[in-house]
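The residues making up each chain are set out below.
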Amino acid sequence: MTAMLTLCSLAAAAALLCCLPVAALAQTTAAAATADPATVYTHGEFRAVSQESGSRDTFAHIKVAPGVKIPFSTITYRVRDAALLKGLRPGTRVEFRAERVEGENVLVAIRPRQP
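Overview of the structure. The written sequence of each chain sets the order in which its residues are numbered from 1. The model is predicted, so local features are restricted to residues of pLDDT at least 70 and side-chain atom pairs to those at 80 or more, both for listing and for counting; the totals for chains, interfaces and linings are taken over all residues. Heavy atoms throughout the structure, all of them, feed into the side-chain values; hydrogens and water do not.

Right, let's get into the overall build of the protein. Of the regular secondary structure elements, the protein holds one helix and five strands. Moving toward the C terminus, one meets the helices and strands of the protein in the order α-β-β-β-β-β. The buried share of the protein, reckoned over its 115 residues, is 20%. Two residues qualify as a contact provided that any one of their heavy atoms is within 4.5 Å of a heavy atom in the partner residue. A separation of at least 24 residues holds for 40% of the contacts in the protein among residues at least 6 apart in sequence. Strands here are runs of E lasting at least two residues and helices are runs of H or I lasting at least four, both read from the DSSP assignment and numbered beginning at the N terminus. Summary of the burial criterion: residues with accessible area below 20% of their type's maximum are buried, those above 50% are exposed, and those between are partly exposed, where the area comes from a 1.4 Å probe applied to protein chains only.

Structure below.
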């Protein structure tokens with residue numbers, strides 16, 4: 001009888017221990033979701049600037065996998081403030097941040113990458 005109680009106690013303790021990591025993970029995930037995320041910059045290579053014909057819309061073309069021969073790795077970003085691109089030349093390695101706004105990729109920040 002004592003062995004049976006010990007076995008049940010061990011099983012209950014094991015079940016409790018299995019649930020603790022899941023509960024701790026849920027709390028950590030919830031805390032991370034409410035905290036301000038750190039600003040993350042993506043590395044790339046500035047390729048070109050273009051404008052739509054008959055429009056003032058400016059677009060930046062950035063290769064997101066520089067040095068890697070991956071087709072379709074140059075992405076076009078809408079630029080709301082053309083001053084962001086001032087001084088950038090094709091081939092410049094950059095760090096940039098973009099956001100999805102109204103269904104489009106919008107360049108929010110860009111700077112030359114430090115060697």
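Tracing the sequence through the fold places T92 in the loop between strand 3 (74–79) and strand 4 (93–101). Judged by its relative accessible area of 22%, T92 falls in the partly exposed class. T92 sits 19 residues away from R111 along the chain, and the two C-alpha atoms are 9.5 Å apart. Contact partners of T92, with chain neighbours within four places excluded, come to G44, E45, F46 and P112. Definition of a polar contact: a pair of N or O atoms within 3.5 Å, with one able to donate and the other able to accept a hydrogen when the atoms are protein atoms, and with sequence-neighbouring residues admitted only if both atoms are side-chain atoms. Reaching out from T92, the side chain makes a polar contact with the backbone oxygen of R89 at a distance of 2.7 Å.

The subject of this paragraph is the nonpolar core. Here the nonpolar core consists of buried residues drawn from Ala, Val, Leu, Ile, Met, Phe, Trp, Tyr and Cys, with membership extended through side-chain atoms lying within 4.5 Å. F46, A60, I62, Y77, V79, L85, L88, V94, F96, L107 and I110 together form the largest nonpolar core, which totals eleven residues. For this core, the secondary structure elements donating two or more residues are strand 2 (58–63), strand 3, strand 4 and strand 5 (104–112). Every residue in contact with Y77, bar those within four places of it in the chain, is listed here: T58, F59, A60, I62, V64, F96, A98, N105 and L107.

Residue placement: K63 occurs in strand 2. At 7.4 Å, E45 is the nearest oppositely charged side chain to K63, a buried residue that forms no salt bridge. From its side chain, K63 meets the backbone oxygen of V68 in a polar contact 3.2 Å long. There is a polar contact of 2.7 Å between the side chain of K63 and the side chain of S73. For the purpose of charge, His is not counted, nor are the chain termini; Lys and Arg are scored as positive and Asp and Glu as negative. We count a salt bridge whenever a side-chain nitrogen from Lys or Arg sits within 4 Å of a carboxyl oxygen from Asp or Glu.

This brings us to the sheet that holds strand 3. In short, DSSP must find at least two bridges between two strands for them to pair. Taken in spatial order, the five strands of this closed barrel run 1-2-3-5-4, and their pairing is mixed. Direction aside, neighbouring strands of the sheet carry axes that sit 50 degrees apart on average. Direction of pairing for strand 2 relative to strand 3: antiparallel, over a ladder of six bridges. Bridge pairing in strand 3 places H61 opposite T76. Every axis corresponds to a line fitted to the C-alpha atoms, with the helix fit spanning only the stretch in contact, and the corresponding angles, defined between N-to-C directions, vary from 0 to 180 degrees.

With that out of the way, let us pick up unusual backbone geometry. Although it is not a glycine, F72 sits at a positive phi angle of roughly 65 degrees. Residue placement: F72 occurs in the loop between strand 2 and strand 3. Residue classification places F72 among the exposed positions, given a relative accessible area of 83%. The phi torsion at E102 lies on the positive side, around 50 degrees, for a residue other than glycine. Along the chain, E102 falls in the loop between strand 4 and strand 5. Judged by relative accessible area, E102 falls into the exposed class, the value being 75%.

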